[in-house]
Every structure is written in structure tokens, then in C-alpha cells.
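Letter by letter, the chains look like this.
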Amino acid sequence: MDSKTLIRFIFFTFIIALLLLLTLTNIPYPLPLSNGGALLECATNSRRCTIKQPPKPTTRRHTADVPHHPLDPLTLTELNKVRSILLSHTLFQNANSYALHSIVLDEPEKAVVQEWSQGDALPPRKATVIARVNGETHVLTVDISTEVTTPVEVGKHSGYPTMTIEDMTSSTWAPLGNAEFNRTIMARGIDLKDLACLPISLGWFGKKEENRRLIKVQCYSMDGTANFYMRPIEGLTVVLDMDTKQVVEITDKGRNIPIPKADGTDYRFSAQNTKINNMVNPISIEQPKGPSFVIENGHIVKWANWEFHLKPDPRAGVVISRARVKDPNSGEIRNVMYKGFTSELFVPYMDPTDAWYFKTYMDAGEYGFGLQAMPLDPLNDCPRNAYYMDGVFAAGDGTPYVRENMVCVYESYAGDIGWRHSESPITGMEIREVRPKVTLVVRMAASVANYDYIVDWEFQMDGLIRVKVGLSGILMVKGTSYNNMNQVNQPENLYGTLLSENVVGVIHDHFITFYLDMDVDGADNSFVKVNLKRETPSPRESPRLSYLKAVRNVAKTEKDAQVKLKLYDPSEYHIVNPSKKTRVGNPVGYKLVPGGTAASLLDIDDPPQKRGAFTNNQIWVTPYNKSEEWAGGLFTYQSHGDDTLAVWSERDRAIENKDIVMWYTLGFHHVPCQEDYPIMPTVSSSFDLKPVNFYESNPILNIPPHFEKDLPVCNAAAAA
């Protein structure tokens, strides 16, 4: 390495280290608050009201945080204490090397949480720790009060824990210490100062990848654009030992493929110059009386007839717990869902060539969906009336840090209708009754390298919960020698779509699997498939030749509840409480309304599909087991697929009238198109959890309509 290259390498290493320090340090930051916007004077008939400027952004260090609920996440103080306890333990004192891959709350047993009431003493606070010590994986429980550390037996499974932020960051610059890599980069015409590299999980494809943590690194040129993803150094792949940071192998099979141009790739507002297109006027929802929701003790959300516990999580992103709804007739607070979260994201790319075959990501288990959550952008990610919540996580050495503004909560009104009816003039009755639909949204957004995921949990006053996933961000593209489709003899060999000169968007799938521990009016529930069957009446019964009949089948065991959705064999999927009936005798329940129904088409023996076997069905139902939360297994990185939802469900355990968990996978097939270049418009899909005979009648029958006198007309006013 010559002196100039050495200087650049030292500079680059310094910058990476500085960025890592900023990421992991508990830096003060401004916290946008709810209840506001610009100072507005609002005329409401003869009355005038003022929407006040929100309080000045404040700095929150979380040093004074204390838990108030059994499910509250570990506080900054607790994380520091766990770190201190661990470092004084013999296992770590005698270690040559260690990394703390996860430190999260060890949640109390369900029965303990369900019996706890506000004002009761909290159950003992414990942490679950996943650590790598001297190359071995350990799962530990740390009692924060007694300072006792206990090993946890989780069985023998393949795979490694979720990567730490340090694993990912250090892997991106480690190849620069290899002279062959540097020569290869410069031979491709790239200045080392313009280099950007990504850590890419490599899945599992055989024994040569076993017995050590490996990662692949691929690089891009930042010259001329912030959107380096559109400028791949195609065909260059580095295999790296993640523990030693030594280069194992360098493959370069793209020397004849040019680096795509930078022109037209920068998506930033500042780069658009005169091309800004103001097609619509600004829009905002004002709330003169403030929002209708409250967040008590930092994590209990109460809105309309709903209340639930909300917390950020480094692996799942957001966890919703103890979701309960108030019955409008009885006033009873009724259980709906004990716990719901994103369990895994499986993203296989459909290019079998050397530099692409291994791109079959597990974004939660390999990278940490919550670790990749970025601070939300006020006014754009979330509206002006949003409340923001931070995540407090542990770095690889156990030091706590803050992921600010990770989650937002806000009320939404998009002009949707809760219910309506207008009577036809032929009846002579002048009736026009309409009710607006206002909902509460919990949102997070994760940027897993190039791709952005927006996850919404939306609560409606009629008892429905809608879970929506939006896909945006930047395509992972492939460099090519082609500039135009007229040069391509066999388009299918592109493995995607030519988006621009020398740029191919590779076909891929997204599968997002959700864990849904439904406790409808209690823990013991049953799964019922309500199959719609075509029936033929006799000629004496009816002139009709066919009609549909609902046939109910209660699943006895897990295999009865494995569902592949079929368009021409439709069913409804109910979770019911057989011991609770409505006034007229129907079992109370909720139903899953599927959406985003793309299914995996990969061969079930393909190594990526073995690891992602939880996508073999869209719906699974399993008996509740505290250790079965991660659809891809506890240790996903380089796993062989021996500890997945599909493996657990093969036991075919009893699920009728039991404490059960439902799993649903949202699926997307993505054949890229030119509109996805250089950044993708958001594409969304959702599924619903909808009451079915849960209430005695329409639960929002008595909500009022909007009246003009209640809605202020707001005009900008001079600041007071």
C-alpha cells in the first residue's frame, strides 16, 4: 500500500470509528412533542380558539427512567447495571474476547403479567442476554436485584446470534486492510476515498461455511452521488471472517462491467434544484383540543376504547402487548391480543449467479429490525400531532445508547367512513347518516441498508386492528454491460429489469411474518376455518343452480391449522373463545383478514427456503410457548433451518381450546420497473384482525358525526 493509500485508509478508518462512536454514545437530542404546529387562530362560528406552538424541543437522556409496568423495556440504568454484573462474572473476566449481541427484558410469565394491576409491586426485573464469549454462544438470565447470573439451556441449534452494530460497521472497512482488495478496487478505476461497502449476510450453503462466522462484503462508488447503491462494483465479493476480520476470499468476476453513471441518481431534496414539483398545497390535521390519546408512564397507550402496552425492541422493532378494548355496552375492558410483533423478514433475491445467489436476507434475525430503525422525520414520517418514543438499546460491549424518535403515535383521519347509510327517495324517508373514521397509528420505519420498511399498527374504534407494511427506499441493483434492451438476446437472463444504462433491478420477494398471541376474552382459544363451499339446491327447492354455504371446522392440532391461501377455495380464519358466547349463542372471536398474499415459489429443498420454511404457509397456529417467538429460530445467522416455525409445528401439538399463537406472513413479489429508479415510491399491503361476534352489535353505533360548529377554520396568525 503506497503512502497516499495508507493516509486515505487511516482517514477512512477514523471516520468509521467516529460514526460508530456517535451511534453508540448516549447523545442528547431534541424530542419533538405532540399537540401542535404553527400558532394558528381558529374561528369556530362566533368563538375563536388558538392552537399553540408546541413546547421547545427538549433533551432527554433517559437517565431518570424507571420501569412502571412488568413489560416495560430495560431502562438505561438497568442496562448499565446488567453490563456491570456481566463484566464481574467469571465467564467474562476470563474471556479473551466477548460481545453482547442482545440484552433485553426477560418478560415475566403471562399469568404474572395478567394478574398484575397498576399499583402492585413489579415482578423481579430480569434481563435475557445473548453473548459470544471466546467464540461460543451463551444465553444467560441476569436478575437485576440479586445480581445472580444464570445460564439458560436453549438446545443445540445451528446458527449464530443477530449481528451487533459493531459487527456490521467493522466488516465494511476491514477489507481495506487487504492489499489485494485495494489493488482490485483501484484496477476497477475507483478511488479508495469514494468507496462505500455493505456487510451482506451469506445465508447457508454447505459445510465450507460452517464453524466460523462469515460475512460477505460488496462495494460501490460514491463518486458524484449520495445514492451509491446505483453504482455497484459488480462481481466483486469479499468473504470475511467476522471474528478475526481477516479476508478469506476475494472474487472478481465483473471486470468488464462498467460502473453505472451517477447522473440522475441523487434523490435528496437539496439535489433537485429547480425540478421541485409542488403539485399540491400543504395539508395538515389540526387538533385545537390536543390529541385524544394519552401515553401513561411512557408505555401505556390509551385512546378511545383501546389501551395497550407499547415498547421498542432491538430485534422486532415494535412490540404491542396487552391490547384490550372497552365494550360499549357493558363497559368491560376485554382482552384481544396478549402480544404482537414482527417476528422475521425473509428477502430472497432471484439471481443464481456467483455475486447474488446468497442474497437471501433475514432482516430481523440477522441484522435486527429494531437496530436498523432510524429516527422518524417529523411532518414527513409522522404528522404534526404525533408523539415520539425512543428506543434504549445495548451496544456490543453492553453500553446503552438511545435510538431517538424510533416510534411515533398519532391519530389519523383520511376522509374514510366508519359507517353510513342514505335512504333511497322511493321510501319517502329523508335519511343520511354518516360517521367519520378516526384511527390511532403506531409507526416505525427501519432502513435495512438500501431498503426501507414502514410498519404501522392501526387501531380502529370498531375493534379492528390493521397491520400494514410499506416498502420504499432504494433497490439493490446489479451492474450490467447493457445500455438498452435492444442489446439483450435473452431478457430472462437479466434476472430482472433494465432500469437505466448499465443498471438492472433484480427480481426479489419480501415476506414479513408476524407473531400474534391472540387472547380473545381469555387465553384459551380455538382456531376455526370457516370454509365457503358451493352447494347445489334441488330443483324443488329453488330455481338457483348454486349458492355458498359456510362450513366451520375447528382445528384440533397444529397441522389442521396450516393454511396455504387459495383464491378458489376461500375461507375465513377465526380465533374464538369457545367458553364465551354472545347473547344469541355465537362464540366470541376475531378473524384474520388476509392481505399481501404473495407466496414463496422456491423449491422447499433450496437452502434459503429451508431457512425460510416459515413462509411455506401463510397461516400457522401453535400452542403458546415462551421460547417460540422468532419464526426463523433464535439464532438465525448462518442457520440451517433446524429451529424454525415449520420445525416446531411438525410436532402437531393440540391447539383446540388452548393458549394459542397465530402467525401470518405478508408477501410481496417485486419485479422492478423504471418507476423504482433511483428511489422507490412506497408500496404497501396489510392484514386485519377484525371482531367477529365479539360484540353484541355495531360497537360504533353511538359515535357522533362531525358538525361544522365543532371544526375550526384555521388561519395563520402572527406569533404571540
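Residues numbered from 1 in each chain as written. Predicted model: local features only at pLDDT ≥ 70, side-chain atom pairs only at ≥ 80, totals over all residues. Heavy atoms only, no water.

## Description of the overall build of the protein
Using the following cut-off: We count a stretch as a helix when DSSP gives it H or I for four or more residues in a row; a strand needs E for two or more, and each element gets its number in order from the N terminus. For the radius of gyration, the atom set is restricted to C-alpha positions; the globular benchmark scales as 2.2 Å times the number of residues to the power 0.38. Three exposure classes are used, based on accessible area relative to the maximum for each residue type with a 1.4 Å probe and protein chains only: buried under 20%, partly exposed in between, and exposed over 50%. In these tables, accessible area is a Shrake-Rupley quantity obtained with a 1.4 Å probe, and a residue counts as shielded only by the protein chains included in the view. Positive charges come from Lys and Arg, negative ones from Asp and Glu, while His and the chain ends are left out of the count. Every charge is mapped to an atom, namely NZ of Lys, CZ of Arg, CG of Asp or CD of Glu.
When you go through the protein residue by residue, the secondary structure sums to 9 helices and 37 strands. Taken over the C-alpha trace, the protein has a radius of gyration of 27 Å; the compact-globule value for 720 residues is 27 Å, and the two agree within 12%. Each of the 720 residues in the protein was classed as buried or not, and the buried ones make up 52%. Carbon and sulfur atoms form 52% of the exposed surface of the protein, whose accessible area is close to 33300 Å². Averaging the coordinates of the 73 positive side-chain charges in the protein and doing the same for the 84 negative ones gives two points 2 Å apart.

## Quick word on the sheet that holds strand S26 (residues 477-479)
Defined as follows: Two strands qualify as a pair provided that DSSP identifies no fewer than 2 bridges between them. Axis lines are fitted through C-alpha atoms, for helices just across the contact stretch, and the angle between N-to-C directions can take any value from 0 to 180 degrees.
Across the sheet, which stays open at both edges, the 3 strands sit in the order S26-S28-S27 with antiparallel pairing between neighbours. Whereas interior strands pair on both sides, the edge strands pair on one side only; in this sheet they are S26 and strand S27 (496-500). Each strand axis lies, on average, 40° off the axis of its neighbour in the sheet, ignoring direction. With 3 bridges connecting them, S26 and strand S28 (residues 503-506) associate as antiparallel partners. Along S28, the bridge assignment pairs Val477 with Gly505.

## Some words on the side chain of Gln638
So the rule is basically this: Under this definition, polar contacts are N or O atom pairs within 3.5 Å; protein pairs additionally need one hydrogen-donor-capable and one acceptor-capable atom, and for neighbouring residues in sequence, both atoms have to be side-chain atoms. Any two residues whose heavy atoms approach within 4.5 Å are treated as being in contact.
Looking at the element boundaries, Gln638 is found in the loop between strand S34 (619-623) and helix H9 (645-649). Looking at Gln638, its side chain comes within polar contact range of the main-chain nitrogen of Leu214, at 2.8 Å. Setting aside its immediate chain neighbours within four residues, Gln638 contacts Gly159, Tyr160, Leu202, Gly203, Trp204, Glu209, Arg212, Arg213, Leu214 and Arg611.

## Some thoughts on the nonpolar core
Burial of nonpolar side chains together is a common tendency in soluble globular proteins. Basically, it comes down to this: Each nonpolar core is a collection of buried residues, namely Ala, Val, Leu, Ile, Met, Phe, Trp, Tyr and Cys, held together in the definition by side-chain atoms within 4.5 Å.
Among the nonpolar cores identified, the biggest contains 115 residues, and Trp457 and Phe527 are the most heavily contacted of them. Residues within four places of Trp457 in sequence aside, it is in contact with Ile320, Met337, Gly340, Phe341, Leu440, Val441, Val442, Ile465, Arg466, Val467, Phe514 and Leu516. Membership of the second largest hydrophobic core comes to 21 residues, among which are Leu86, Leu100, Leu140 and Val392.

## Structural notes on the sheet that holds strand S11 (residues 236-241)
Read across the sheet, 4 strands follow the order S9-S10-S11-S12 without closing on themselves; strand pairing throughout is antiparallel. Every interior strand has two partners, whereas the edge strands, strand S9 (195-200) and strand S12 (247-252), have only one. Direction aside, neighbouring strands of the sheet carry axes that sit 25° apart on average. Strand contacts of helix H6 (residues 179-187): S9, strand S10 (214-221), S11 and S12, with the helix running at about 165° to S11, the strand carrying the most contacts.

## What to know about helix H2 (residues 76-87)
Put simply, the rule is: By definition here, a helix of n residues has an expected span of 1.5 Å times n minus one.
In this model, H2 (12 residues) spans 17 Å end to end at C-alpha, consistent with the 16 Å of a helix rising 1.5 Å per residue. Buried within H2 we find Leu76, Glu78, Leu79, Val82, Ile85 and Leu86.

## Some thoughts on the UniProt feature "domain: Copper amine oxidase N2-terminal" (unreviewed entry) in the protein
Note the threshold: UniProt positions are given in the numbering used here, feature names are shortened, and annotations may be inferred rather than shown by experiment.
The positions that UniProt labels "domain: Copper amine oxidase N2-terminal" (unreviewed entry) are, in the present scheme, residues 69-147. Along residues 69-147 one finds 28% helix and 30% strand; the C-alpha atoms at either end are 21 Å apart.

## Points about helix H5 (residues 165-173)
Owing to its 3.6 residues per turn, the α-helix brings residues three or four apart onto one side. Counting buried positions along H5 gives 7 out of 9 residues, so the element sits mostly inside the fold. Of the positions making up H5, those classed as buried are Ile165, Asp167, Met168, Thr169, Ser170, Ser171 and Thr172.

## Things to note about the state of the cysteines
Using the following cut-off: A pair of cysteine sulfur atoms is labelled a disulfide when the two atoms are within 2.5 Å.
Taken as a whole and judged by the stated rule, the model has 2 disulfides. The cystine pairing of the protein, numbering bonded cysteines in sequence order, is 1-2, 3-4.

## Thoughts on unusual backbone geometry
Looking along the chain, the bond that leaves Tyr677 and enters Pro678 is cis, with omega of 0°. Structurally, the position occupied by Pro678 is in the loop between strand S35 (658-670) and strand S36 (680-692). The backbone of Leu379 shows a phi angle near 80°, a positive value even though the residue is not glycine. Relative to the elements of secondary structure, Leu379 occurs in the loop between helix H7 (363-367) and strand S19 (387-394). The class for Leu379 is exposed, based on a relative accessible area of 59%. Positive phi, close to 60°, is recorded for Ala449, a residue that is not glycine. Given the relative accessible area of 38%, Ala449 is considered partly exposed.

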